[in-house]
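# A look at the structure
Residue strings, one per chain:
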Amino acid sequence: MLDQLVQLEVFPTDLDLRRIDPACNMRRFYRMSVQPDLFGGACLVREWGRIGLRGQMMIEQYDDEGKAVTALMKLSATKTRRGYRAVTAQGTV
């Protein structure tokens with residue numbers, strides 16, 4: 001039946017958000033990803049800016065991956081309240 005077992009992610013480690021409002025000339029993106037660092041901890045890498053431009057980047061260090069994922073989820077909730085929507089391979093959710 002199943003040749004390979006696939007582990008589903010309960011908490012995402014990568015997130016791509018967009019906020020597009022033509023009436024306000026607003027086309028923004030916000031990307032977040034949790035990545036391991038060299039010292040056994042984890043980093044939350046945040047990128048944001050106007051779609052089509054380079055944007056800005058910030059890296060926050062955490063003691064472990066759990067704390068970094070928690071920070072990603074809190075930030076995701078804040079951005080969703082402000083009008084950002086998650087982007088999938090097919091388009092915006």
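Let us look at the structure shown here.

Definitions and cut-offs
- Residues numbered from 1 in each chain as written.
- Predicted model: local features only at pLDDT ≥ 70, side-chain atom pairs only at ≥ 80, totals over all residues.
- Heavy atoms only, no water.
- Pairing = 2+ DSSP bridges.
- Helix = DSSP H or I, 4+ residues; strand = E, 2+ residues; numbered from the N terminus.
- Salt bridge = Lys/Arg side-chain N within 4 Å of Asp/Glu carboxyl O.
- Core = buried A, V, L, I, M, F, W, Y, C linked by side-chain atoms within 4.5 Å.
- Buried < 20%, exposed > 50% of the residue type's maximum accessible area, 1.4 Å probe, protein only.
- Contact = heavy atoms within 4.5 Å.

### Quick look at the pairing of strand β4 (residues 56–62)
- Sheet topology places strand β3 (residues 42–50) next to β4; seven bridges connect them, and they run antiparallel. Bridge pairing in β4 places E47 opposite M57.
- Where β3 hands over to β4, the hairpin turn is made up of five residues, of which G52 adopts a positive phi near 100 degrees.

### Here we look at the pattern of salt bridges
- Across all of its chains, the model carries three salt bridges by this definition.
- In this structure, R31 engages D16 in a salt bridge whose closest nitrogen and oxygen atoms are separated by 3.8 Å. You can see R31 sitting in strand β2 (residues 26–36) and its partner D16 sitting in strand β1 (residues 14–21), a full 15 residues away along the chain.
- A salt bridge links K67 to D63, with the nearest nitrogen and oxygen atoms 3.4 Å apart.

### Considering the nonpolar core
- In this structure, L15, L17, Y30, M32, V34, L44 and L72 are the most contacted members of the largest nonpolar core, which totals 13 residues.
- Examining the composition of this core, we find that five residues originate from one element, helix α1 (residues 65–81), more than from any other.
- Those residues in contact with L15 that sit more than four places away from it in its chain are Y30, R31, M32, L72 and S76.

### Considerations on the environment of R31
- Residue R31 is classed as partly exposed on the basis of its relative accessible area of 35%.
- Residues R31 and R46, 15 residues apart in the sequence, show an inter-C-alpha distance of 5.7 Å.
- Excluding residues within four positions of it along the chain, R31 makes contact with L15, D16, V45, R46 and E47.

### As for the sheet that holds β3
- Read across the open sheet, the five strands follow the order β4-β3-β2-β1-β5; overall the sheet is antiparallel. Strands with a single pairing partner mark the edges of an open sheet, and in this sheet they are β4 and β5 (85–86).
- With nine bridges joining them, β2 and β3 adopt antiparallel strand pairing. In the sheet register, S33 faces β3, and the bridge partner there is V45.

So yeah, pure geometry; function would need other evidence.
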